[in-house]
Amino acid sequence: MATQFVIDGLKATIEGKEILKGINLSMKGGEIHAIMGPNGTGKSTLASALMGHPKYEVTEGTATLNDEDLMEMAVDERARAGLFLAMQYPSEISGVTNSDFLRSAINARREEGSEISLIKFIRQMEGKMKELDMNPEFAHRYLNEGFSGGEKKRNEILQMMLLDPKVVILDEIDSGLDIDALKIVAQGVNAMRSEDRAFLVITHYQRLLNYVKPDFVHVMMQGRIVKSGGPELAERLEAEGYDWVKAELGIEDETVGQA
């Protein structure tokens, strides 16, 4: 079955303040959707709420992946269902090596008794690390500990490539990357594009979209998607900013208090 991901009327709060005010979005396998918008409009809140971050309370709406309601699932169940979030600020975990974490994550998504063999895992990991121009030593270092910003982002893409998810959310994966690292991260994303996988790319900048070509671009303001279009929409936002969107829609204050 082709991947279908549908967000319907999603609302979410943090500490009692409503941040998401009714998000509607439909995606299918093979598509890349980009969400852009000024700071404080709820973009990263959307990513966190979809993944099940406990700080955010979903008060209304659904998000279904192949007709399964993710909002009824625990975080680990969402991951097993095929949802993946590449975080803007990946955590450092001391005492857990990158390779041990990655193998455990892969096995957590597999049926009991069908764990990936050590040899097969090492071959896959080394192959993907080579594609991402990652030093092989990173496999044996503690997860993200002492990694630069660019190394952490490559590590997130490595996780994505090994876990083979159905829906990938990239939360400002381009922030803090130099142009060479950006190109490598984009190559990893493009290599994973398929009819079985949909991407939701959250970004402030057109530069990532020069390398990861979106099919659809959505503008988010005041906790809602207020405008959608093709790649040309991102190009206009890069050239002209957001004032024309606010003027067109009669929006005076675009912020809701969260990224």
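These numbers were taken from a predicted model, which means no experiment stands behind them.

(A) Examining the sheet that holds strand β4 (residues 57-65) more closely. Here 4 strands make up an open sheet; going across it, the order is β2-β1-β4-β5 and the pairing antiparallel. The two strands at the open ends of the sheet, each matched to only one other strand, are β2 (17-28) and β5 (68-69). For strand β1 (residues 4-14) and β4, the ladder comprises 7 bridges, and the chain directions are antiparallel. From the neighbouring strand, Ala-12 faces β4, where its bridge partner is Val-58. Helix α1 (residues 43-51) contacts β1, β2 and β4 of the sheet and is inclined by roughly 105° relative to β1.

(B) Structural view of unusual backbone geometry. Of note, Asp-67 is a non-glycine position whose phi angle comes to about 70°, a positive value. On the secondary structure map, Asp-67 appears in the loop between β4 and β5. For Glu-172, which is not glycine, the phi dihedral falls at a positive 50°. As for its position among the elements, Glu-172 is in the loop between β9 (167-171) and α6 (179-192). On the accessibility criterion, Glu-172 (7% relative accessible area) is buried.

(C) Local environment of the packing of aromatic side chains. Taken as a whole and judged by the stated rule, the model has 1 aromatic pair. If you follow Arg-236 out to its NZ or CZ, it ends over the ring of Trp-244, 3.6 Å from the centre.

(D) A look at the nonpolar core. Judged by nonpolar contacts, the single largest core of 48 residues is most densely connected at Ile-157, Met-160, Leu-170, Phe-199 and Leu-237. Of the residues forming this core, the biggest block, 7 residues, is contributed by α6. The residues contacting Leu-237, other than those within four sequence positions of it, are Met-36, Val-219, Tyr-242, Trp-244 and Val-245. One finds Ile-7, Ile-35, Leu-65 and Ala-198 within the second-largest nonpolar core, a separate group that totals 28 residues.

(E) Fine view of the layout of surface pockets. Approximately 600 Å³ is the volume attributed to the largest pocket. Mapped onto the lining of the largest pocket, the elements with two or more residues apiece are α2 (75-81), β6 (83-86), α3 (98-108) and α5 (149-163). Of the residues belonging to the lining of the largest pocket, the class tally is 15 nonpolar, 3 polar and 4 charged.

Definitions and limits used
- Residues numbered from 1 in each chain as written.
- Predicted model: local features only at pLDDT ≥ 70, side-chain atom pairs only at ≥ 80, totals over all residues.
- Heavy atoms only, no water.
- Pairing = 2+ DSSP bridges.
- Helix = DSSP H or I, 4+ residues; strand = E, 2+ residues; numbered from the N terminus.
- Contact = heavy atoms within 4.5 Å.
- Axes fitted to C-alpha atoms, helices over the stretch in contact; angles between N-to-C directions.
- Buried < 20%, exposed > 50% of the residue type's maximum accessible area, 1.4 Å probe, protein only.
- Phe/Tyr/Trp six-rings, centres within 6.5 Å; stacked < 30°, edge-to-face > 60°.
- Lys NZ or Arg CZ within 6 Å of the ring centre and 35° of its normal.
- Core = buried A, V, L, I, M, F, W, Y, C linked by side-chain atoms within 4.5 Å.
- 1 Å grid on protein atoms, 1.4 Å probe; cavity = no way out; pocket = protein on both sides within 12 Å on 5 of 7 lines; lining within 4 Å.
- Points joined across faces, edges and corners; volume = space filled by probe spheres on them.
- Nonpolar A, V, L, I, M, F, W, Y, C, P; charged D, E, K, R; others polar.

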